[in-house]
Amino acid sequence: MVLPALLVGAGAIRSNMLERHALQALGESMTRTRTYAELETAMFEQSEVIWRYLSGLDPSARNEFRLTGQVVDYWQQRWAAELLPEELSLAAGVARIQRQIQTAADSIFRLYDSGRREAAFNTAQQELKGRLLPALTQLNRQVYRQARESSVRGAY
């Protein structure tokens, strides 16, 4: 009678430990996803700052772009530090797109400031809306898909 009770108790303790581990893995995955969401938001905000500058109504937007870049760098470093080794290639892809956004912004600002406003607008259309933001959106899908997959794997 005592032996079956001990076996049931040991099984319950083991199940409880496995559940706790699964919940912890889910929590860690959710934290990474939340951090990436902040990074994603900051990167899209950067593109909005460029458009505000091109509107001519917000001359301080150029300085704001620099500050928003610092926010992006902060979230990017924090997110990369939280990633699992198999997820680091995603961080490299996001960093590559961020560098390209900064390069495009420098070109757009230079064109606008030299009085070539139409060329600046066309470059923004082509680079931001036509190439970089769609690439970022595609990468976002990969990041969130991988987060879901690793959450399920970790919980299992």
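Each residue is numbered by its place in its chain's sequence as written, counting from 1. For a predicted model such as this one, the threshold for reporting local features is a pLDDT of at least 70, and the threshold for listing and counting side-chain atom pairs is 80 or more; totals across whole chains, interfaces and linings nevertheless cover every residue. Processing note: side-chain calculations cover all non-hydrogen atoms of the structure and skip hydrogens and water entirely.

Each helix corresponds to a stretch of at least 4 residues labelled H or I by DSSP, and each strand to a stretch of at least 2 residues labelled E; elements are numbered beginning at the N terminus. When its secondary structure is counted, the chain shows four helices and zero strands. Along the chain direction, N to C, the helices and strands of the chain fall in the order α-α-α-α. Contact criterion: two residues are considered in contact whenever any of their non-hydrogen atoms come within 4.5 Å of each other. Contacts in the chain between residues far apart in sequence, at least 24 positions, make up 71% of those at least 6 positions apart.

Moving on, we get to the environment of Leu 39. Considering the arrangement of structural elements, one finds Leu 39 in helix H1 (residues 2–55). For Leu 39, a relative accessible area of 0% gives the class buried. Along the primary structure Leu 39 and Val 72 are separated by 33 residues, whereas in three dimensions their C-alpha atoms are 5.8 Å apart. When neighbours within four sequence positions are excluded, Leu 39 is seen to be in contact with Val 72, Trp 75, Gln 76, Trp 79 and Val 94. Remark: exposure states derive from per-residue accessible area (1.4 Å probe, protein chains only) relative to the maximum for the residue type, with buried under 20%, exposed over 50%, and partly exposed in between.

Here the focus is the pattern of salt bridges. Put simply, a salt bridge is a Lys or Arg side-chain nitrogen that is within 4 Å of an Asp or Glu carboxyl oxygen. Under the defined criterion, the tally for this structure stands at six salt bridges. The residue Asp 113 makes a salt bridge to Arg 62 at a minimum N-O spacing of 2.0 Å. Linking Asp 113 in helix H3 (residues 88–113) with Arg 62 in helix H2 (residues 61–82), this pair joins segments that are 51 residues apart in sequence. Residue classification places Asp 113 among the partly exposed positions, given a relative accessible area of 42%. Arg 131 is the salt-bridge partner of Glu 127, the closest N and O atoms lying 2.5 Å from each other. Of this pair, Glu 127 and Arg 131 both sit in helix H4 (residues 117–155), separated by four residues, roughly a single helical turn. Taken together, the salt bridges that share partners define one network made up of Glu 45, Arg 52, Asp 58 and Glu 64.

With that settled, consider the confidence of the model for the chain. Per residue, pLDDT measures the predictor's confidence, with a range of 0 to 100. This prediction gives the chain a mean pLDDT of 83; 76% of its residues lie at or above 70. Confidence, read as mean pLDDT per element, is least for H1 in the chain (73) and greatest for H3 (94).

Before going further, it helps to examine the packing of H2 against H3. Angles here are taken between N-to-C directions and fall from 0 to 180 degrees, while the axes themselves are lines fitted to C-alpha atoms, restricted in helices to the stretch in contact. The N-to-C vectors of H2 and H3 enclose an angle of 175 degrees; their axes lie 11 Å apart at closest approach. One finds that H2 runs roughly antiparallel with respect to H3. Packed against H2, whose contacting residues are Arg 62, Phe 65, Gly 69, Val 72, Gln 76, Trp 79 and Ala 80, the element H3 presents Leu 88, Leu 90, Ala 91, Val 94, Ala 95, Gln 98, Ile 101, Gln 102, Ala 105, Phe 109 and Asp 113 at the interface. In terms of residue class, the contact of H2 with H3 is built from twelve nonpolar, four polar and two charged. Any angle between 65 and 115 degrees counts as roughly perpendicular, while under 35 counts as roughly parallel, over 145 as roughly antiparallel, and the rest as oblique. Any residue outside Ala, Val, Leu, Ile, Met, Phe, Trp, Tyr, Cys, Pro, Asp, Glu, Lys and Arg is labelled polar, Gly included; the first ten of those are nonpolar and the last four are charged.

Moving on, we come to the environment of Glu 38. Structurally, Glu 38 can be placed in helix H1. Of the residues examined, Glu 38 reaches a relative accessible area of 39% and is grouped as partly exposed. Note: C-alpha distance between Glu 38 and Val 71 (33 residues apart in sequence) is 9.3 Å.

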